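Structural overview for review
Single-letter residue listing:
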Amino acid sequence: MTDQLDYQVTIEELSELMKRTAGVHVDPITLRQQADDGFDTFGLDSLGLLGIVAELEKLYGLGLPEQAERCKTPADFLALVNGALKTGV
């Protein structure tokens, strides 16, 4: 048994969160192919990203770094969030 958190947010989950919390529909395949493009490319603004961060914090029961709200691309967001979930910070 381990105390280490082993959660990871996938592209598919991010796509679903974008749809559910911000009303932005992006196909996961497109999101994966364009993960280095800005969130604005997909129609997601800073308020929408804030909603996703809040939903993830509620889901995993821990606060995410403030930088998560300021990530510009899906790739940067997932790297930061998954790093925080792995370390529990």
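Since we're looking at a predicted model, the values are computed, not measured. (Residues numbered from 1 in each chain as written. Predicted model: local features only at pLDDT ≥ 70, side-chain atom pairs only at ≥ 80, totals over all residues. Heavy atoms only, no water.)

1. So, the overall build of the protein
When helices and strands are counted, the protein shows 4 helices and 0 strands. Going residue by residue from the N terminus, the α and β elements of the protein occur as α-α-α-α. For 89 residues, the compact-globule estimate of 2.2 N^0.38 gives 12 Å, and the protein sits close to it at 12 Å. Expressed as lengths along the three principal axes of its C-alpha atoms, the size of the protein is roughly 40 × 25 × 20 Å. Expressed as a percentage of the 89 residues in the protein, the buried residues total 36%. For the protein, the accessible surface area stands at approximately 5,500 Å², while carbon and sulfur atoms represent 50% of it. Of note, the protein has its 7 positive side-chain charges centred 2 Å away from the centre of its 15 negative side-chain charges. (Helix = DSSP H or I, 4+ residues; strand = E, 2+ residues; numbered from the N terminus. Rg over C-alpha atoms; globule rule 2.2 N^0.38 Å. Buried < 20%, exposed > 50% of the residue type's maximum accessible area, 1.4 Å probe, protein only. Areas by Shrake-Rupley, 256 points an atom, 1.4 Å probe, with all protein chains shown as cover. Lys, Arg positive; Asp, Glu negative; His and termini not counted. Charge placed at Lys NZ, Arg CZ, Asp CG, Glu CD.)

2. Remarks on the packing of helix α3 (residues 46-60) against helix α4 (residues 74-87)
Where α3 contacts α4, the two axes come as close as 13 Å, and the packing angle between them is 20 degrees. The angle between the axes of α3 and α4 places the two elements in the roughly parallel class. The interaxial crossing formed by α3 with α4 has right-handed handedness. Side by side, α3 and α4 meet where Leu49, Ile52, Val53, Leu56 and Tyr60 of the first sit next to Phe77, Val81 and Leu85 of the second. (Axes fitted to C-alpha atoms, helices over the stretch in contact; angles between N-to-C directions. Parallel < 35°, antiparallel > 145°, perpendicular 65-115°, else oblique. Left-handed = near helix turned anticlockwise from the far one by under 90°. Contact = heavy atoms within 4.5 Å.)

3. Focus on the side chain of Ser15
Position of Ser15 relative to the elements: it lies in helix α1 (residues 11-22). At a separation of 2.4 Å, a polar atom in the side chain of Ser15 contacts the main-chain carbonyl oxygen of Val26. Apart from the residues within four sequence positions on either side, Ser15 is in contact with Val24, Val26, Asp27, Pro28 and Leu31. (Polar contact = N/O pair within 3.5 Å; in protein donor to acceptor, adjacent residues only side chain to side chain.)

4. Some thoughts on the confidence of the model for the protein
Counting all residues, the mean pLDDT for the protein is 91, and 92% of those residues have values of 70 or more. Mean pLDDT across the elements of the protein bottoms out in α4 (94) and peaks in helix α2 (residues 28-33) (97). (pLDDT = per-residue confidence, 0-100.)

5. Considerations on the pattern of salt bridges
Oppositely charged side chains are able to pair whenever their charged atoms sit close together. Applying the stated criterion across every chain, the model contains 5 salt bridges. In this structure, the salt-bridge partner of Glu16 is Arg20, at a minimum N-O distance of 4.0 Å. Taken together, the residues span about one helical turn, with Glu16 and Arg20 both in helix α1 at a distance of 4 residues. Across the salt bridge formed by Glu66 and Arg70, the nearest N and O atoms sit 3.8 Å from each other. Residue classification places Glu66 among the exposed residues on the basis of a relative accessible area of 56%. (Salt bridge = Lys/Arg side-chain N within 4 Å of Asp/Glu carboxyl O.)

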